Amino acid sequence: MSPPSILRLLIPTTKHSKFLRLLNHRQFTSTSTPPAPSPSPNPNQIHRSQSKTPLETQFDTWVHRLRPGFTPCDVVAAIQAQSDPDLALDIFRWTAQQRSYKHDCHTYMSMIKSLVKGKRYRQAETLIEEVIAGACNMSVPLYNLVIRFCCGRRFLFNRALDVYKKMLNSDDCKPTLETYTLLFNALLSRFHKLNVCYVYLHAVKSLNKQMRALGVIPDTFVLNMIIKAYAKCLDVDEAIRVFREMGLYGCEPNNYTYSYIVKGFCEKGKVGQGFKWYKDVKKKGIVLGGSTYMVLICSLALDRNYEDAIMVVSDMLGNNMGPDFLTYKTVLEGLCRDGRCDEAFDLLEEWRNRDKLMGPKNYKMLLNGLHINQD
């Protein structure tokens, strides 16, 4: 039988109420003993149940500071004043539940920045999904903040492209140079294997085309990333074309620009052109990156152009950079195979004295390799 049915049976009716009162009086006076008094509550337990944690106390303090009719600017100030991102999120959620108030792009930006700074990435991702779904009015800085977060999380890169497309189709929040810088940088971080590079190169070309169509003027950093993308895919001609357009945008090539082009020529097998670019760069007093030096040295040595390779090694050491073990080995053992072992031994001693980072272990390994090739 259900509890309501039982209660209905236990409620006395008007007809039998007098009889039941007499019956109950007899039972309590004849057989029942008075119930034992309940123990009084412990004052310490009451105090503990009513006490609050420091986080709850801080939350209550900030809630009281937000007077009725508070604005998004007041909420932004409250969020930015918190060192604890969890407390800031509690304030953010509480204010969203108040009548006649709605978060705007500034409050969402402040809250997302606080969560990312506190490494609360899952909560930040939740807020970003709310923003994408239309929880507030959008702005260019908020769009770029969302794209920056998604580009920084490898599994959210496709989400960054979705946000970019939404930004591209908006009326008043078109992509800016910062937007393209974030996307190009995220794409270039995926340029590892050659077959993967070709896949992402299409995205680079598409972004470059859309950037031009919007009239966004690139800077040297963005143009260098485009040149690097083409050079990585061995499309050096396109890299040269972008290089020649740098002056149209008022951008000056730097050591990264020349490093990508020289390395691209060498990796494509056009070592002579790469070495020509290197000599032009040297005349301008520009120092290339260490990896570019080593690629050029190995390419020249493999082409049996040892004189130029030795010259580049000398230039590299003169710029306080040292080749790695494989680069030294390629040049020295190549000389031995060409019957120039004595010259190789002399060069090893010279480079040992000039390169403080060679170390005794690498020196012994190189020396043993020369003895083996000599025999």
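Quick notes on the rules
Residues numbered from 1 in each chain as written. Predicted model: local features only at pLDDT ≥ 70, side-chain atom pairs only at ≥ 80, totals over all residues. Heavy atoms only, no water. Phe/Tyr/Trp six-rings, centres within 6.5 Å; stacked < 30°, edge-to-face > 60°. Helix = DSSP H or I, 4+ residues; strand = E, 2+ residues; numbered from the N terminus. Lys NZ or Arg CZ within 6 Å of the ring centre and 35° of its normal. Salt bridge = Lys/Arg side-chain N within 4 Å of Asp/Glu carboxyl O. Buried < 20%, exposed > 50% of the residue type's maximum accessible area, 1.4 Å probe, protein only. pLDDT = per-residue confidence, 0-100. Contact = heavy atoms within 4.5 Å. Expected span 1.5 Å × (residues − 1). Arc of directions from axis to C-beta. Core = buried A, V, L, I, M, F, W, Y, C linked by side-chain atoms within 4.5 Å. Axes fitted to C-alpha atoms, helices over the stretch in contact; angles between N-to-C directions. Parallel < 35°, antiparallel > 145°, perpendicular 65-115°, else oblique. Left-handed = near helix turned anticlockwise from the far one by under 90°. Nonpolar A, V, L, I, M, F, W, Y, C, P; charged D, E, K, R; others polar.

**Q** Sorry if this is basic, but what is going on with the packing of aromatic side chains here?
**A** Scanning all chains against the criterion turns up 14 aromatic pairs. Centre to centre, the rings of phenylalanine 191 and tyrosine 200 are 6.4 Å apart; their planes meet at 35 degrees, and the pair counts as tilted. Taking the centre distance of 5.2 Å and the plane angle of 75 degrees together, the rings of phenylalanine 243 and tryptophan 277 count as edge-to-face. Of this pair, phenylalanine 243 sits in helix H14 (residues 236–245) while tryptophan 277 sits in helix H16 (residues 271–283), placing them 34 residues apart in sequence. Ring pairing ties together the aromatic residues Phe243, Tyr258, Phe265 and Trp277, which thus form one cluster. A cation over a ring is seen here: arginine 190 above phenylalanine 157, with NZ or CZ 4.3 Å from the ring centre. Of note, arginine 352 hangs over the ring of tyrosine 363, and the distance from its end group to the ring centre comes to 4.0 Å.

**Q** I tried to follow the pattern of salt bridges on my own but got confused; where do I start?
**A** Two side chains with opposite charge may pair up if their charged atoms get near one another. Going through the model one piece at a time under the given rule, you end up with 13 salt bridges. A salt bridge links arginine 93 to glutamate 130; the nearest nitrogen and oxygen atoms lie 2.9 Å apart. On the criterion of sequence distance, the pair formed by arginine 93 in helix H6 (residues 85–96) and glutamate 130 in helix H8 (residues 121–132) is long-range, its members being 37 residues apart. Here arginine 304 and aspartate 338 are joined by a salt bridge, their closest N and O atoms 3.1 Å apart. Separated by 34 residues along the polypeptide, arginine 304 in the loop between helix H17 (290–302) and helix H18 (306–318) and aspartate 338 in the loop between helix H19 (325–337) and helix H20 (341–354) bring together distant segments of the chain. According to the relative accessible area criterion, arginine 304 is exposed, its value standing at 56%. Residue class for aspartate 338 comes out partly exposed when judged on its relative accessible area of 31%. Here the residues in one salt-bridge network are Arg212, Glu238, Arg241 and Glu245, joined through shared partners.

**Q** Please explain the confidence of the model for the chain as it appears in this structure.
**A** Low-pLDDT stretches of the model should not have their predicted coordinates read in fine detail. With 86% of its residues at a pLDDT of at least 70, the chain reaches an overall mean of 86. Every residue in residues 1–35 is under pLDDT 50, and counting partners more than four places away or in other chains gives five contacts. Every residue in residues 43–49 scores below 50 in pLDDT, and together they form one contact with partners more than four places removed in sequence or on other chains.

**Q** Is there a simple way to think about helix H10 (residues 157–169) in this case?
**A** Turn by turn, an α-helix covers 3.6 residues, leaving residues three or four places apart pointing in a common direction. Spanning 13 residues, H10 covers 19 Å between terminal C-alpha atoms, matching the ideal 18 Å at 1.5 Å per step. Looking only at H10, the buried set comprises Phe157, Ala160, Val163, Tyr164 and Met167. Angular distribution of buried residues about the axis of H10 spans 110 degrees; they occupy a single face of the element. Exposed residues on H10 whose side chains face more than 90 degrees from its buried face are Asn158 and Asn169.

**Q** I would appreciate a short explanation of the nonpolar core in the present structure.
**A** Side chains that are nonpolar tend, in soluble globular proteins, to be buried together. The biggest cluster of nonpolar side chains holds 110 residues, and the ones touching the most others in it are Leu142, Ile147, Phe184 and Trp351. Residue contributions to this core peak at eight residues, all from helix H9 (residues 140–152).

**Q** Please explain the side chain of serine 299 as it appears in this structure.
**A** Residue position: serine 299 is located in helix H17. Setting aside chain neighbours within four positions, we find serine 299 in contact with Cys266 and Val271.

**Q** Just to check I follow, could you spell out the packing of helix H11 (residues 177–188) against helix H13 (residues 220–232) for this structure?
**A** The axes of two packed helices give the description: the angle between them and the distance between them. Two elements in contact, H11 and H13, have axes separated by 10 Å at closest approach and are oriented at 30 degrees. When the axis of H11 is compared with that of H13, the two are roughly parallel. H11 and H13 meet at a crossing whose hand is left-handed. Across the interface between the two elements, Leu177, Thr181, Phe184, Asn185 and Leu188 of H11 pack against Phe221, Val222, Met225, Ile226, Lys228 and Ala229 of H13. Split into classes, the residues belonging to the contact of H11 with H13 amount to eight nonpolar, two polar and one charged.

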